[in-house]
Amino acid sequence: MKIIFTAIDIVYNWARSNSLWPLTFATSCCGIEMISASAASYDIARFGAEVFRASPRQADLIITAGTITHKMAPALVQLYEQMPEPKYVIAMGACCITGGMYENDSYSVVRGVDRLIPVDVYLPGCPPRPEALLDAIIKLQKKMKTESLLERKQYLEAHKPRVILSEDRDCEILLPNPDFEVIHWGVQTIGYDKDYKKAEVNCV
Ligand code: SF4
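Cut-offs applied
Residues numbered from 1 in each chain as written. Predicted model: local features only at pLDDT ≥ 70, side-chain atom pairs only at ≥ 80, totals over all residues. Helix = DSSP H or I, 4+ residues; strand = E, 2+ residues; numbered from the N terminus. Buried ≥ 20, exposed ≤ 12 C-beta atoms within 10 Å, placed from the backbone. Near = placed C-beta within 6 Å. Nonpolar A, V, L, I, M, F, W, Y, C, P; charged D, E, K, R; others polar. Pairing = 2+ DSSP bridges. Contact = placed C-beta atoms within 7 Å. Axes fitted to C-alpha atoms, helices over the stretch in contact; angles between N-to-C directions. Right-handed = clockwise from strand over helix to strand, strands pointing away. Arc of directions from axis to C-beta. Core = buried A, V, L, I, M, F, W, Y, C linked by C-beta atoms within 7 Å.

1. Describing unusual backbone geometry
Now for step 1: Omega for the peptide link from E85 to P86 comes to -10°, which places this bond in the cis form.
Now for step 2: Here P86 lies in the loop between α3 (73-82) and β3 (88-92).
Now for step 3: In this structure, the amide linkage connecting C126 to the following residue, P127, adopts the cis form with an omega of -10°.
Now for step 4: Tracing the backbone shows P127 in the loop between β4 (121-123) and α5 (130-144).
Now for step 5: A positive phi angle, near 55°, is found at D43, a position not held by glycine.
Now for step 6: By the element assignment, D43 lies in the loop between α2 (30-37) and β2 (61-65).
Now for step 7: Note on D43: 13 C-beta atoms within 10 Å, which makes it partly exposed.

Put into structure tokens, the structure is as follows:
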């Protein structure tokens, strides 16, 4: 059985990794670099990933290019949830990976998109150049080629959004790490404590 699945894995992974369909998603300056990667000079089509989709239902890769704010977080998670399995995430740029220059003082920026959705490849830089994005896609392709259908259950578990919703749908609570931070979505943050570890917020 394992021999049969290994043979299927090779063909299945080869086909998927060479025909990535990224979602059209960019929030700020890193998005310009992502757009450049699909232009003639860099030609992302060489890696089979040039068909940027307008609908998450037709995409299997989301490149989170740019700053992610708390207000934007529910929309991003919803887009991710609407993408069919198997799906992948490239976190592009310092703002997206850690909050970047907004890490210490901003009241509105999420300190890392991996608090919302699982990230497969981190692409640091401010901004990362288009060549770096192509390198991230190659790394993702290599990762995809090591996956197995037999390990699908563990894969699905690892690719769930890292989000807990409160029972009150009007006041959703994000608990990426219960020891670290509590954030209410779509609201104004009043402030952080002295260690920048806890946000006090007003629900709208
Ligand atoms: S990492 Fe730099 S280029 Fe990218 S969104 Fe942040 S400020 Fe803009």
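2. A look at the site of the ligand
Now for step 1: S28, C29, C30, G66, T67, G93, A94, C95, G100, C126 and P127 make up every residue found near the ligand.
Now for step 2: Among the residues forming the shell around the ligand, the class breakdown is six nonpolar, five polar and no charged.

3. A word on the sheet that holds β3
Now for step 1: Sheet architecture is open: four strands sit in the order β1-β2-β3-β4, paired in parallel fashion. A single partner strand is all that each edge strand has here, and the edge strands are β1 (22-23) and β4.
Now for step 2: Sheet topology places β3 next to β4; three bridges connect them, and they run parallel. Paired with I90 across the strands is V121, a residue of β4.
Now for step 3: Here α5 sits on the sheet and contacts β3 and β4; the angle it forms with β4, its principal contact strand, is near 170°.

4. Quick word on the pairing of β3
Now for step 1: The element β3 is largely enclosed, with a buried count of five among its five residues.
Now for step 2: Side chains of β3 alternate between two faces, with Y88, I90 and M92 and V89 and A91 buried alike.
Now for step 3: In the sheet, β2 pairs with β3 via five bridges, with the strands oriented parallel. Within β3, the residue paired with L61 across the bridge is Y88.
Now for step 4: Following the chain from β2 across α3 to the adjacent parallel β3, one finds a crossover that is right-handed.

5. Things to note about α2
Now for step 1: Along α2, the positions that sit buried rather than exposed are C30, E33, M34 and A37. Summarising the axial view, the buried residues of α2 lie within an arc of 100°, below the 170-degree limit, and thus occupy one face.
Now for step 2: Where α2 is buried, its residues meet β2, β3, α4 (94-98) and α5.

6. Some remarks on the nonpolar core
Now for step 1: Counting 40 residues, the largest nonpolar core has I62, I90, A91 and M92 as the members making the most contacts within it.
Now for step 2: Breaking this core down by element, the ones donating at least two residues are α2, β2, α3, β3, α4, β4 and α5.
Now for step 3: With near-sequence residues (within four places) excluded, I90 lies in contact with L61, I63, D120, V121, L123, A136 and L140.

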